[in-house]
Structure formats: structure tokens, C-alpha cells
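So you can see what is in the structure, the chains are spelled out below.
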Amino acid sequence: MVLPIMFIALLVRKLGHRSVSWMRGRRFRVGRLRLHATSLTMGAVTVLVGWILIFTNGMAAVPELLPSNWNAAFENLGRQVDAAVPSWAWTALVGACC
């Protein structure tokens, strides 16, 4: 959930606040109703996530995206990289990126 927000923040930082006006929701009318695009989008996302959680028993019934041996290999690779790089270097890398 954090990655999309970080991407949007980076986009706003690079392009400036005026160039991302397309991200603002717009008001529109459907008959007598006055609606807002942002509210409708967030409502649809909330309903979609709710349906997914209900129909998959809280995501427990969803099959794994990767085979378990791939997950173990990626985990071991991450541990090896983390052991090879000092902790101050990770901090400097994150600080340089942000």
C-alpha cells in the first residue's frame, strides 16, 4: 500500500504541483445527483476489496503467486544480500533515494 503513495509523491516532486492537476477528482451530475469522481472511485475500490475478502475467505483461498521453492530462494537471496551489505549502507541508500 505504501508503494503507490511513494510513487505519487515522487511524481509530484519531479513534475511540480501544477502539472498533476489531472489527479484531482471532478464533479459531475447524473440526473439530480451531484457526484465526485474521487468518491465514486474510492467507493468502487472499497466494494471490490470487500468482495475479494468475502469470496476468498480473507485471501486464504487464493493460491500462491509463486511456487514455495521460489519464495524460499528469494528469501535466502535477500538474507545473503543483507548480510553482505552493512546496515549504514542501507540507511544511506534509502536516504539518497528519498
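Residues numbered from 1 in each chain as written. Predicted model: local features only at pLDDT ≥ 70, side-chain atom pairs only at ≥ 80, totals over all residues. Heavy atoms only, no water.

## Digging into the overall build of the chain
Counting its secondary structure elements, the chain contains 4 helices and 2 strands. Scanning the chain from its N terminus toward the C terminus, one meets helices and strands in the order α-β-β-α-α-α. Principal-axis analysis of the C-alpha atoms places the extent of the chain at approximately 65 × 40 × 15 Å. Taking all 98 residues of the chain together, 3% fall into the buried category. (Helix = DSSP H or I, 4+ residues; strand = E, 2+ residues; numbered from the N terminus. Buried < 20%, exposed > 50% of the residue type's maximum accessible area, 1.4 Å probe, protein only.)

## Quick look at the pattern of salt bridges
This model, assessed by the stated rule, comprises 1 salt bridge. In this structure, Arg 79 engages Glu 75 in a salt bridge whose closest nitrogen and oxygen atoms are separated by 2.6 Å. Within this pair, Arg 79 and its partner Glu 75 are both found in helix α3 (residues 68-84), separated by 4 residues, close to a single helical turn. Looking at Arg 79, the relative accessible area reads 53%, which means it is exposed. (Salt bridge = Lys/Arg side-chain N within 4 Å of Asp/Glu carboxyl O.)

## Some details on helix α2 (residues 37-55)
Here α2 is 19 residues long and its end C-alpha atoms lie 27 Å apart, about the 27 Å a rise of 1.5 Å per residue gives. One or two residues past the end of α2 sits Asn 57, with phi positive at roughly 55°. (Expected span 1.5 Å × (residues − 1).)

## Remarks on the pairing of strand β2 (residues 33-36)
The sheet contact formed by strand β1 (residues 27-30) and β2 spans 4 bridges and is antiparallel. Directly across from Val 30, in β2, lies its bridge partner Leu 33. (Pairing = 2+ DSSP bridges.)

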